[in-house]
Amino acid sequence: MKTWQKIALPIVLVFLIAGLRLYFVWKARQDPGVITRQADQAKPLTQDELAVITRYYFATFDQAKQLEGKPVWIKAGYSLPYYPYVAGVVQFGKRIGVLPSAEKLSISKLVKSVAPGREENRIPHGNRQYFAVFTLDGNPDAKPGTYAAAIGYAEGNEETLYCDQLFYYEDPKTIYDNWPKSVWDAVATHEPKIGMTENQTRMAVGMLMETDSKTEGDRTVTYTAGDKKWTVTFANGVATQVKQG
């Protein structure tokens, strides 16, 4: 092979590769179907999924104390037991029940206490538990008094707080201000209705649920809301059948 051929061959290969690359880029841009198919695969977010929900990620009891003097609303409906709080003591032997969804609590302070071993309140016992002390100012039907509910625990030097899972820090009506009045009326009475989404149903009857499917919006779910059970069938994102019991 002559000297000029040895020099020219690599140059030709470089231009050939570059030309092929430009061709395939051009070809892809001429095929609008590629862009259309990719766009079809991306499911648009719902208004509920776009809602901004505040989270504090409290790592310690001292950090969580910033909730003192503030209102919160129950996110984990019908899963948080509560007790009378009298003379600085959590009255474990007089458990009242579980806090319903969207219930407003006015937190006065956070305290530490040791629950009896037999007392199951959905929070690990550890060496001690952390409690929010509150009044039910948002519920005119609630008995007046001061109550306490577990929000975390400590095991040795390790602390775990569940505040973000348990509470909304803003009124849910402002978070989901796109929901119609009929939905909020159902939430207030804690009764699911036909036409409600799964998120709206959870707001009404809580987080304790059983289902044999992971496909949200197209499945049957049984909810335990205190002493009531609801079985709701969803199709295409909304409830199509509601049955109590």
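You'll find the structure just up there.
Here is what the cut-offs are and how they apply
Residues numbered from 1 in each chain as written. Predicted model: local features only at pLDDT ≥ 70, side-chain atom pairs only at ≥ 80, totals over all residues. Heavy atoms only, no water. Phe/Tyr/Trp six-rings, centres within 6.5 Å; stacked < 30°, edge-to-face > 60°. Buried < 20%, exposed > 50% of the residue type's maximum accessible area, 1.4 Å probe, protein only. Pairing = 2+ DSSP bridges. Helix = DSSP H or I, 4+ residues; strand = E, 2+ residues; numbered from the N terminus. Core = buried A, V, L, I, M, F, W, Y, C linked by side-chain atoms within 4.5 Å. Contact = heavy atoms within 4.5 Å.

Draft legend 1. Representation of the packing of aromatic side chains within the structure. Here the structure, examined in full by the defined rule, presents eleven aromatic pairs. Where Tyr153 meets Tyr162, the ring centres are 6.4 Å apart and the plane angle is 20°; that geometry is what we call stacked. Relative accessible area serves as the criterion here: at 17%, Tyr153 is assigned to the buried category. Put simply, the rings of Tyr56, Phe58 and Tyr169 touch in pairs and so form one group of aromatic residues.

Draft legend 2. Representation of the pairing of strand β8 (residues 158-161) within the structure. Inspection of the sheet shows strand β7 (residues 147-155) paired to β8 by four bridges, in the antiparallel sense. Paired with Ala154 across the strands is Glu159, a residue of β8. Where β7 folds back onto β8 in an antiparallel hairpin, the turn is made up of two residues, including Gly156, whose phi is positive at roughly 65°.

Draft legend 3. Focus on the sheet that holds strand β13 (residues 238-244). The strand order β10-β11-β12-β13 describes an open sheet built from four strands, whose pairing is antiparallel. Two strands lie at the open edges of the sheet, namely β10 (209-210) and β13, each paired on one side alone. Across six bridges, the pairing between strand β11 (residues 220-225) and strand β12 (residues 228-235) is antiparallel. Bridged to Ala225 within β12 is Lys228.

Draft legend 4. Summary view of the environment of Asp185. Within the element layout of this structure, Asp185 appears in helix α7 (residues 181-189). Taking the C-alpha atoms as reference, Asp185 lies 9.3 Å from Ala204; in sequence the two are 19 residues apart.

Draft legend 5. Here's a closer look at the nonpolar core. Counting 26 residues, the largest nonpolar core has Leu99, Leu105, Phe134, Ile151, Cys163 and Phe167 as its most contacted members. In terms of residue count, the dominant contributor to this core is β7 (four residues). In contact with Leu105, not counting residues within four places along its chain, are Lys70, Pro71, Val72, Ile74, Leu99, Phe134, Thr135, Leu136 and Phe167. Core analysis: the next-biggest nonpolar cluster, separate from the first, contains 23 residues, Tyr78, Ala102, Trp184 and Phe234 among them.

Draft legend 6. Focus on unusual backbone geometry. Phi is positive for Ala87, close to 50°, though the residue is something other than glycine. Note that Ala87 resides in the loop between β2 (81-86) and β3 (89-90).

Draft legend 7. Just the pairing of β7, in detail. When you tally the buried positions in β7, you get eight out of nine residues, the bulk of the element. Note: β2 against β7, two bridges, orientation antiparallel. Bridging across to β7, Tyr83 finds its partner in Ala148. Across seven bridges, strand β6 (residues 128-135) lies against β7 in antiparallel orientation. Following the sheet pairing, Arg128 is matched in β7 by Ala154.

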